[in-house]
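# Fold and contact review
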Amino acid sequence: MIKKATSAAAAAAATALLLTACTGGPSDSTGGAGDDPVAGGTVHMLQNADFSYLDPARGFDGGVNAFYRLIYRGLTMQAAGDAEDPNAIVPDLAESLGTASEDGLTWTYTLKDGLKFDNGDPITAAEVEFGISRAWDPEIGIGSPWLKQTVDAPEDYAGPYQSGDHPGIETPDEHTIVFHLIEPFPEFDNVLAQPNAVPFPVGSGAGDEFINDVIASGPYTLDTYTPGSLIKLVRNEHWDADTDDVRKAYPDAWEFEIGLEAATIDERLLAGQGTDVNAIAGKIQAATLPRVQTPELQDRLIASPAFCTTYMGMNTTKAPFDQVEVRQAVNYALDRASIQTASGGTQLADPATTIIPTAVSGHKDFDLYPSEDYAGDPAKALELLAEVGLEDGFSFVLDIRAQPSMQAQAEAVQEALKAINVEVELNVIDTSTYYETIGTPSQQSDAAITGWCPDWASSASTMVPPLVDGRLITEKGNTNLAQLDDAAVNARIDEIKAIADLAEANVQWGEFDEEVMALAPMAPLVLEKGLFLPGANIAGYHPSTSMTDLAIIGLKDPSQG
Amino acid sequence: MTFTPTELEVEGAQGGEAARDNAPPSPPASGRRLARAFLKDRAALACSVYILLVLLMALAAPLIVKLSGWGPYEFDQSAVDPDMAGLPLGAAGGMGAEHWFGVEPGSGRDIFARIVYGARVSMTIALSATVLTSVLGVVFGLTAGYFGGKVDMVVSRVMEFLMAFPALIFMIAVLSALPAENRQFLLVGVISFFGWPYLARIVRGQTMSLKEREFVEAAKASGASSGQIIFKEILPNLASTIIVMTTLAVPGYVGTEAGLSFLGVGVVPPTPSWGQMIASSVPWYAVDPAYFLIPGACLFLLVLSFTVLGDRIRRLAETGGARA
Amino acid sequence: MIRFLLNRVAGMVVVLFLVCLFTFVIFFVLSPDPAVQVCGKNCTTEAIDQIRANLGLDRPFWTQFWTFLSGLFAGRTYGTGANAVECAAPCLGYSFQSSQPVTDMIVQRLPVSATVAIGAAVLWLLAGVTAGLVSAVREGRFADRFIAGLTLTGMSIPNYVLALALQFLLVVTLRWLPFPHAVPFGEDPVQWFMNFLMPWIVLAIGAAAVYTRLTRANVIETLQENYVRTARAKGLGPGLVWRRHALRPALTPIVTIFGMDFASLLGGALITETVFGLNGIGKLAADSITKNDQPVIMGVTLLAAFLVVVGNMVVDLLYTAIDPRVRVGSAT
C-alpha cells in the first residue's frame, strides 16, 4: 500500500550518480559483468519470497514486474536496463508510442505484425483489449491501479467475465486499439507499460486459471511451477525476436529458486559453486559486505542507486506536529549519519534530504536542514522548539514495522531526538498489518517510518503528490501520512500535472519537492541503495533496486555450471 | 482416560521441543538435611551462584551500567565502521576497556549493558510465568483431583486439549496479532496458559491418591470442611512435589521467552532481551561471532544452571539427601 | 477393547473439534480484516465488500465456522459465476497471500518435515538409548556421571543457539559441511545428507538427552524388579537376563514418549526449519504468521494438533499391545 513497488521503473542509472554515491566501493554498473552474454544455458535466480502472482492483473511489485518482463509483453514497456535512459518508455507490441488526440482524451496504438501467444494463436487488438479489461474484474484486477484510474469506464463495469467488452477501449481493426481517457493524462504511455496491460486470449484467465499456469506472450513460458520453491521457464517457441527490440533472451531457460533465506543466498553467491556461477539474486545483506573484500568478489560486485525514499511521516493533525517549527526541528535534529549506519553504512545507504530520490527523473539536489556530516544540528532544532515554547521537549509515538532493519532505523531516530529532549515511543506493528494500520488515519499514531517509490521512474509525478495531496486523504489506504492538506500545495500539483512537456514537468516536480520540504510534513531519512553479487559467469547484468531487466541477462559461457 | 498409562509424566517446556523427566515421588525430606547435602554439591553451588549473579544484574542494572560507562540504548558511532556496513571496529566485536563485551554492529550500542538489561527481561518473565503456572497448576490439579467426577472430567479434557495444542505456533500467532504494548504481560500470560497442565496433571494424580489415605479419611470423619482438608492435609503433602516441578519448569520458561523473542514476538525494541539479541546476531555470525556467542552463552548458562539446580533438588527430594 | 477404542476415538474427535473452534475463535477475534489483505495495494471499499462476500466473511461466526468444518470433510466452493473455484475435501481454504490451496501447500512441504523428523528421530533414539544403557550398566561410575553431565548440557542448550554455534563451527570455521541448502536426494545423496546433518543434530540433541535419562532410569528400575532378580537367581546368564527380562519392559515407556515426540515433530520443527531455511511445515507456519496468512496458520495448527492426538492414540494402542501389565481400564 504505502511502500508501493515500482512497475515501470528504471534499471541501473548513470555512472555519474554512482561515483558520487560511494567511495572506495564496488565497480561501477555500466560495464555489467564484463564479457558479453551469449545465447544458451540456464540462468538461476535465488530469492526468498515467492512471486506474488503469475497473473499480471494481480501482481504489482518490483520483483514480480521484473519476472513478468520475461513472459509477458505489453503495448509499451520500460527501456532496456543498458539503454542510455533506462527510465524511458519505448514501444513493445505497438509499432510506436501512442498518438494522443488534440484534447488528450483519445490515445491510439497500432500493433506490430507476427505477434503470437505461446500456444501459437495470434495476438490481435481483440486480445489486447481483453487482457487489459481484466484489470476491472473486482477479484482479479488487484494489481496496478493506473488503468482503472485513467481509462474511461462505466461505474458498474466489472471486467470481461462479468460485464463483457470494455466500453472505453475500441478495436476498429485487428491492428488498432483506441483508448478513451477520463481526463487528459500526458504520461499514458507509462500506464500501458504497467504489468497488467498485457494481452490474453479472449475468454481465458477466469477464476484461478492463471494462478498456477499462464499464457505467455514474451520470450519465455512456464515449464514447472512449484509454489514456494521453484519456477522454471523455457523458451516460448512462438516468440519472434524480430518483433521485439528490447528483450535479448539469451539463456535457454530460467530457474527461480524460491524460499531461500537471505543468508543462504549470500553464502551461495560468495561460494559460487556448481550452478551458482550462473546465479543472480536481490541485493546482498549488510552483514555480507565485510566478506566481499577479496579482489575477485569486489570485481563481481555491482551497485545500484535507490529508487525509493525511506522517510518518517509526521502527522500534521496531531500536536505538536501541527506546528511547522516542530517538524522542521525534527528535520534538523535527526542524525542521518547514524540512520545511514543503521541501514547498512555508506555502501548501502545515503542520507536523504529530498523526497525525490537521486535516480528518479525530476530529482533536485537540496538540503533545507543542513548539518555537519549529516549528524544533525540539535542546537538549531532547540532554537526552533524554543520559538513555540517546546524547548523542554515532548514525546510522540512512532509507528514502525516489526522488521529488523526498520527497527534499527527507528532506534537511531529515537536516540538522535533525545538530544532535543524529545522522547520517542516505538509502536511496533506486525509486518502484515503495518501498511493497513498507518494508512488508516483513525489508527495511525503521531509519526511513522516507511518507504515510498514512484510507480515509474521517468517522472516524479507518482513520487511526491501521493504523499502530500490533501485531496487524496482517505479513510483507508491513505498515502498522505502527514495528512497535509494545504491549498497552495494542492494547486501546485494540478498545475504541474497539466504540463504536457514532460521534461518541463520534471523540473517543476523538483522545485515542488523543495517547496514541500519547507513545510516539512516528513523527514526524509535515507536512500537505501543496493549491492549485487552475480555469479562469475553472468553477463549483461544491470541490477536495479527497483526492477532489474532480466530480459537482457545471459551467460558468458553456457557450458559452465 | 489419561494419555500416558505409565508413571511417566510430560513436564515443563513448550511446543514439542520439550524437556521430560520422571515424575518426582512425593516423600518429603527434612529441610536441614537437604541444605547440608546441597552445600556439598559443587555443581549445584556453581549454578546457584550464576543464577544469583544474573538476578543481581537484573536488580542492579542501572547501577552496573553506570560503572561500565555505557547505557543499553546509547549509540556509539565511533565504535563501528560505516564503510563496512557498520561492523564493529577492532577485534572480537569491538571488545576492550571501553566496551567490555563489544558493541552491536550498526548502532554501536554496548553489548555488556544490553546483556545486563536483558537479564531483567529474562528473569522477570520466566519467574512471573513460573509463579502464575504454579498457581494455576496447583489450583486446577487440586480441584480436579479432590472433587473428581464432573469437575475432574472438565479439567482433564481442558488439559488434554492444551497439551495436544501446537503451543509454539499458537503463541507466535497470538503474540504477533495482538498489539505490542504490554508485551511482557502477554508473554507471561501465553506461556502460563499452555504451561499449567503439566503441573496440574501431577498434582491431580497425587491428590487422588492422598485423598484415599488414612489421615485424610480421619480428618473427614472428624468433620473438617473440604477447604480445611485441602489446605491443612493435602497441600502440605504436595509441597515437595510442587517445589521440584516448579524448579524443573523455570529453565523451560527462560528458554521459551528467549525463543519467542528470537522469533520476533518478544519484548518490544529498544528494550534488550537475550533472545532478541541472538536473533539480531544471526546475519552477523560469520563476521562478528562475538555478537551471538555472548548472549548465546549467557542464555545457555542460565538454562543449564536452572536445569542442574532443578535436577539436584529433585534428586534430593527423592532420596532425602542420601545420595547427593 | 472395542469400547476402549471407540472411547479413545471419541475423545480424539472432541479434542480436535476444540482445537478447531479455539483457533477459529482466536483468529476471528484477533485477526485484522483479511479482506483488506487479499485486496492488495489498491483497494476500494466496494472491492473489500466483494471479497468479504466471496470469502464468506460477511456471514455470522457460526455459519463461517460450519462452512470451514464442512469444507474439511466435503469441500466447498469459493466465489460465484465464472470466477467460482471448487476446493476439494479436505479443504483448508486458500492462502490469502498466494491464492494457493492450503492443503496443497501443506502436502508439498510434508516431505521436508518428514525427512527432518525421521533423521532426527533415528539419531536421538540411537544416541539416547545407547547412552542410557551405558549409564545404567555403569551406574555411579565415571561413564554414568559423564553422560549425566552431557545430558544436562544437551537439555539446556536452546536449539537456535546450538544451530548458530554449529554453523559457525562446522561451516564457517572448519568448513566441514557446506552451507545448508536443499538438494534433492536423487540428485546428489551425499550433498543431501550433508545438508540435513546439522538440522538433524540440532533437533536430536535435546531429545537424545531426555531419552538417555529415561532409558537409564527405566533400566535401573527394571533391574531391581523381582522377576529380574528371580531370573538371575535361577542362574540365567547376564546377556539373557538383559535381553529377555530387562530391556523389553525398560524400553516400553520409550515407545510412548517417542510416538508423541515424533508426531509433534512431523508437524514442523518451527525454529530449526527457520534457522536452516528448510521449507518444511514449521517454516510454513513461521512464514504464514509473519504474513498473517490466516488460512495457512489454521491449517498448520490443525495438522500439528491432529498429529499429536493421533500419535497419542496410536501409542496408547501399541502400549496395550506390547505391555501385558497395562490392562484396559486400569489407566486412570
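This is a predicted model, so every value here is computed, not measured.

### Some thoughts on the overall build of chain C
Helix and strand counts for chain C come out as 13 helices and two strands. Looking at chain C as a whole, 42% of its 332 residues qualify as buried. By sequence separation, contacts in chain C at least 24 residues apart represent 64% of the contacts at least 6 residues apart.

### Quick word on the pairing of strand S10 (residues 253–257) of chain A
Residues and elements named next belong to chain A. Taken across its five residues, S10 has four buried, putting it largely inside the fold. Pairing between strand S9 (residues 230–235) and S10: five bridges, direction antiparallel. Along S10, the bridge assignment pairs leucine 230 with glutamate 257.

### A word on the interface of chain B and chain C
Each partner contributes to the interface: chain B provides 46 residues, whereas chain C provides 49 residues. Elements with a minimum of two residues in the side of chain B that touches chain C: helix H5 (149–164), helix H6 (167–177), helix H9 (226–262) and helix H11 (289–319) of chain B. The element that contributes the greatest number of residues to the side of chain B that touches chain C is H11 of chain B, accounting for 10 residues. Its residues placed into classes, the side of chain B that touches chain C shows 31 nonpolar, 10 polar and five charged.

### Section: the sheet that holds strand S18 (residues 522–528) of chain A
Residue and element names in this part refer to chain A. Read from one edge to the other, the open sheet built from six strands follows the order S14-S18-S13-S17-S15-S16, with strand pairing classed as mixed. Pairing within the sheet leaves two strands with one partner each, and these edge strands are strand S14 (349–351) and strand S16 (423–429). For this sheet, the mean angle separating the axes of adjacent strands, direction not counted, is 30°. Here helix H14 (residues 431–438) sits on the sheet and contacts strand S15 (395–401), S16 and strand S17 (447–452); the angle it forms with S15, its principal contact strand, is near 130°.

### Some words on the interface of chain A and chain B
If you look at the interface, chain A gives 30 residues, while chain B gives 24 residues. Elements supplying a minimum of two residues to the side of chain A that touches chain B: helix H11 (336–342), helix H13 (404–417) and S16 of chain A. Ranked by residue count, the leading element in the side of chain A that touches chain B is H13 of chain A, at seven residues. Its residues assigned to classes, the side of chain A that touches chain B comprises 14 nonpolar, 12 polar and four charged.

### Regarding unusual backbone geometry
All names here are of chain A. Each neighbour pair has its own omega, and for alanine 319 with proline 320 the value is 0°, a cis peptide bond. Considering the arrangement of structural elements, one finds proline 320 in the loop between strand S13 (309–314) and helix H10 (324–333). Of note, glutamine 483 is a non-glycine position whose phi angle comes to about 50°, a positive value. Among the structural elements, glutamine 483 can be located in the loop between helix H15 (465–468) and helix H16 (487–497). If you check the backbone angles, alanine 520 has positive phi at about 50° while not being a glycine.

### Describing the confidence of the model for chain B
All names here are of chain B. Considering every residue of chain B, the mean pLDDT works out to 80; 87% of them sit at 70 or more. Between the elements of chain B, mean pLDDT differs from a low of 70, seen in helix H1 (residues 31–40), to a high of 91, seen in helix H4 (residues 111–147). Here residues 1–28 scores under 50 on pLDDT; set against residues more than four positions off or in separate chains, the count is 75 contacts.

### With respect to the UniProt feature "transmembrane region" (unreviewed entry) in chain C
All names here are of chain C. With numbering matched to this structure, UniProt assigns "transmembrane region" (unreviewed entry) to residues 9–30, 112–134, 146–172, 192–211, 250–276 and 296–319. The span residues 112–134 is 100% helical and 0% strand by assignment, and the distance between its end C-alpha atoms comes to 33 Å. Note that residues 146–172 is 93% helix and 0% strand, and that its end C-alpha atoms are spaced 29 Å apart.

### Overview of the UniProt feature "transmembrane region" (unreviewed entry) in chain B
All names here are of chain B. In the numbering adopted here, UniProt assigns the feature "transmembrane region" (unreviewed entry) to residues 43–65, 125–149, 161–179, 185–203, 234–254 and 290–309. Helix makes up 96% of residues 125–149 and strand 0%. Its end C-alpha atoms lie 35 Å apart. Summarising residues 290–309: 100% helix, 0% strand, and an end-to-end C-alpha distance of 28 Å.

### Section: helix H10 (residues 274–281) of chain B
Within an α-helix, residues lying three or four positions from one another point in the same direction, as the helix has 3.6 residues per turn. In terms of burial, H10 of chain B is a largely internal element, eight of the eight residues being buried. Among all positions of H10 of chain B, only Trp274, Gly275, Gln276, Met277, Ile278, Ala279, Ser280 and Ser281 of chain B are buried.

### Quick notes on the nonpolar core
Counting 332 residues, the largest nonpolar core has Met312, Leu398, Val413 and Val464 of chain A, Ile172 of chain B together with Ala204 and Val300 of chain C as its most contacted members. It is H4 of chain B that contributes the most residues to this core, 17 residues altogether. Ignoring sequence-local partners within four residues, the contact set of valine 464 of chain A consists of Ile355, Ile356, Trp509, Phe512, Asp513 and Val516 of chain A.

### Considering helix H6 (residues 142–156) of chain C
Look at H6 of chain C: 21 Å from first C-alpha to last across 15 residues, which is about the 21 Å you get at 1.5 Å a residue. Looking at H6 of chain C, one finds that the buried residues are Ile147, Thr151, Leu152, Gly154, Met155 and Ser156 of chain C.

### Looking at the domain arrangement of chain C
Residue and element names in this part refer to chain C. The domains assigned to chain C are domain 1 (7–87) and domain 2 (105–327). With 11 residues of domain 1 at the contact, the number on the domain 2 side is 11 residues. Sorting the residues of the side of domain 1 that touches domain 2 by element identifies helix H1 (2–30) and helix H2 (34–39) as the ones contributing at least two each. In terms of residue class, the side of domain 1 that touches domain 2 is made up of seven nonpolar, three polar and one charged.

### Regarding the environment of leucine 235 of chain B
Residues and elements named next belong to chain B. Tracing the chain through its elements places leucine 235 in helix H9. By C-beta crowding, leucine 235 is classed as partly exposed, having 16 other C-beta atoms within 10 Å. Counting along the chain gives 97 residues from leucine 235 to valine 138, while the straight-line C-alpha distance between them is 8.9 Å.

Procedures and definitions
- Residues numbered from 1 in each chain as written.
- Chains lettered and ligands numbered in written order.
- Predicted model: local features only at pLDDT ≥ 70, side-chain atom pairs only at ≥ 80, totals over all residues.
- Helix = DSSP H or I, 4+ residues; strand = E, 2+ residues; numbered from the N terminus.
- Buried ≥ 20, exposed ≤ 12 C-beta atoms within 10 Å, placed from the backbone.
- Contact = placed C-beta atoms within 7 Å.
- Pairing = 2+ DSSP bridges.
- Nonpolar A, V, L, I, M, F, W, Y, C, P; charged D, E, K, R; others polar.
- Axes fitted to C-alpha atoms, helices over the stretch in contact; angles between N-to-C directions.
- pLDDT = per-residue confidence, 0-100.
- UniProt positions renumbered as here; feature names shortened; annotations may be inferred.
- Core = buried A, V, L, I, M, F, W, Y, C linked by C-beta atoms within 7 Å.
- Expected span 1.5 Å × (residues − 1).
- Domains from an automatic or database assignment.

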